[in-house]
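Structure assessment
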Amino acid sequence: VGVTVLVIACPCSLGLAVPIALMVGSGMGAKRGILIRKGEAIQTMKKVKIVVFDKTGTITKGKPEVTDISSKGKEQRLLEIAGSLEKLSEHPIARAVVEKANLKKYLSVKKFKVLRGRGVEGMIGTKSAVIGNMTLMNEKKISIKGFESDIERFENEGKTTMIVAENKKVMGVIAVADAVKEDSMIAIRALHERGYRTVMITGDNERTAKAIAKQVGIKEVIANVLPEDKAKKVEELQKRGFVAFVGDGINDAPALKQANVGIAMGTGTDIAIEAGDLVLAKGSLIGVVQTINLSKATFRKIKQNLFWAFAYNVVAIPVAVAGLLHPIIAELAMALSSITVVTNANLLRRKRI
């Protein structure tokens, strides 16, 4: 009787119930380009109620191009100043401006400074040069008179506007467009159908942000957010429920860490990938929907495994204690419980996520 009780009470199936399901779930995710860097992220993902998206490189392709220039006849000088300043910046929009300027010889820039979330400035010869958004123009007390209608038109078209000024005088406006990823709309619609609240967060101006959000079906937009404030905005949203943050850039890393689940785009920067709990290797937002489905399916299997593991013990231990179970039958039952758990976990592979 003692041997039978010891055999039937062996906790093999209980020990296998959780890790075997997580292992199968992780393998399924990896096949679909979802890399799980932290196991607990899969558990937390099923509790998420709010999904927050960065704009550039996450909802959009992250490959902006200059589409329009408004310069009142000073286009060449405007491109010389803009190209020379932005050559020293690493921002994707800066690269687009440099590519458009296509200068053979760049002007010498002194006292160059990146103004995070606003633009850049420097000295070209004896004149101060600034290129950036409206926030920077207001900060520098630079009037945009004569360019208001152009700025409004570009922003309503979902384009990012960069205002170029020399010696506190506006020279013109450069409009940059970043195309929306083809599958962003599909992924966000799928999240809405499942009852998730979606939010787009960006350092871009509100008019441009809303135009992009409208294209993909996001109704809630948080615009004009400085890089260092993204994590604070995520923290505020966490008061209403668990938050998943999806981002790809250097300035997204604090927000990825702050969120309950940080989802980094595999096409983004190394620091963002390092900060993420999950990595979408393909850079597609469909992966967010797949991750949620995978999380729920995996934990359904974990619960089923725990049920079967406990069921064997709850039924068989009292029978063994009563002396009604032969040790060989106990061995078979113990082995069968482990086989059941492993088989049930592997049935997860059939699940379409």
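What you see is a predicted model, and the numbers here were worked out from it, not measured in a lab.

Conventions and cut-offs
Residues numbered from 1 in each chain as written. Predicted model: local features only at pLDDT ≥ 70, side-chain atom pairs only at ≥ 80, totals over all residues. Heavy atoms only, no water. Helix = DSSP H or I, 4+ residues; strand = E, 2+ residues; numbered from the N terminus. Buried < 20%, exposed > 50% of the residue type's maximum accessible area, 1.4 Å probe, protein only. Contact = heavy atoms within 4.5 Å. Pairing = 2+ DSSP bridges. Axes fitted to C-alpha atoms, helices over the stretch in contact; angles between N-to-C directions. Parallel < 35°, antiparallel > 145°, perpendicular 65-115°, else oblique. Left-handed = near helix turned anticlockwise from the far one by under 90°. Nonpolar A, V, L, I, M, F, W, Y, C, P; charged D, E, K, R; others polar. Patch = residues over 30% accessible without salt bridge, like charges linked within 9 Å, V, L, I, M, F, W, Y side chains within 5 Å. Areas by Shrake-Rupley, 256 points an atom, 1.4 Å probe, with all protein chains shown as cover. Salt bridge = Lys/Arg side-chain N within 4 Å of Asp/Glu carboxyl O. Lys, Arg positive; Asp, Glu negative; His and termini not counted. Charge placed at Lys NZ, Arg CZ, Asp CG, Glu CD. pLDDT = per-residue confidence, 0-100. Phe/Tyr/Trp six-rings, centres within 6.5 Å; stacked < 30°, edge-to-face > 60°. Lys NZ or Arg CZ within 6 Å of the ring centre and 35° of its normal.

Turning next to the environment of Arg194. Structurally, the position occupied by Arg194 is in the loop between helix 9 (184-193) and strand 9 (197-201). Looking at Arg194, the relative accessible area reads 40%, which means it is partly exposed. Once the C-alpha coordinates of Arg194 and Thr56 are considered, the two residues, 138 residues apart in sequence, prove to be 25 Å apart. Leaving out residues up to four positions away in the same chain, Arg194 has contacts with Val289 and Asn293.

Our focus in this paragraph is the side chain of Thr208. With respect to the helices, strands and loops of the structure, Thr208 is situated in helix 10 (residues 206-216). Taking the relative accessible area as the measure of exposure, Thr208 reaches 0% and is therefore buried. Other than its neighbours up to four places away in sequence, Thr208 contacts Glu155, Gly158, Lys159 and Thr160.

Moving on to the pairing of strand 2 (residues 48-54). With six of its seven residues buried, strand 2 lies for the most part within the structure. Here strand 2 pairs with strand 11 (residues 242-247) via five bridges, running parallel. Within strand 11, the residue paired with Val52 across the bridge is Phe245. Pairing analysis gives five bridges linking strand 2 to strand 9, with the strands arranged parallel. The partner of Val52 across the bridge, within strand 9, is Val199.

As a general point, the strands of a sheet are linked pairwise by backbone hydrogen bonds and lie either parallel or antiparallel. What the six strands build is an open sheet, ordered 3-8-7-6-5-4; its pairing is antiparallel. Looking at the sheet topology across the chains shown, the edges are occupied by strand 3 (65-70) and strand 4 (109-115). Here the average twist between neighbouring strands, direction ignored, is 20 degrees. Bridging between strand 6 (residues 127-132) and strand 7 (residues 160-166) involves four bridges; their strand directions are antiparallel. Looking at strand 7, one finds that Val130 is bridged to Ala165. Here helix 6 (residues 92-101) sits on the sheet and contacts strand 3, strand 7 and strand 8 (169-177); the angle it forms with strand 3, its principal contact strand, is near 65 degrees.

Packing of helix 2 (residues 12-31) against helix 15 (residues 327-346) brings their axes to within 9 Å, and their N-to-C directions diverge by 15 degrees. Comparing the axis directions of helix 2 and helix 15 gives the class roughly parallel. Judged by the twist between their axes, the crossing of helix 2 over helix 15 is right-handed. Taking contact as the criterion, the partners of Cys12, Ser13, Leu16, Ala17, Ile20, Ala21 and Val24 in helix 2 are, on helix 15, Met334, Ser337, Ser338, Val341, Val342, Ala345 and Asn346. By residue class, the composition of the contact of helix 2 with helix 15 is 10 nonpolar, four polar and no charged.

This part covers a positive patch on the surface. Together, Lys49, Arg194, Lys296, Arg300, Lys303 and Lys351 line one region of the surface with positive charge. Of the residues forming the positive patch, the biggest block, three residues, is contributed by helix 14 (residues 286-321). Mapped onto the elements of the fold, Lys49 is located in strand 2. Residue classification places Lys49 among the exposed positions, given a relative accessible area of 52%.

Another point: the confidence of the model for the chain. Residues with a pLDDT of 70 or more make up 100% of the chain, whose mean pLDDT is 88. Averaged over each element, pLDDT in the chain is lowest for helix 1 (residues 2-8) (78) and highest for strand 9 (95).

In total, this model carries one aromatic pair according to the counting rule given. Taking 5.3 Å as the distance between ring centres and 70 degrees as the angle between the ring planes, the aromatic pair formed by Phe307 and Trp308 counts as edge-to-face. Take Trp308: its relative accessible area is 39%, and that puts it in the partly exposed class. Sitting above the plane of the Phe299 ring, Lys46 keeps its charged end 5.3 Å from the centroid. Positioned above the aromatic ring of Phe147 is the side chain of Lys72, whose terminal nitrogen or guanidinium carbon lies 5.0 Å from the ring centre.

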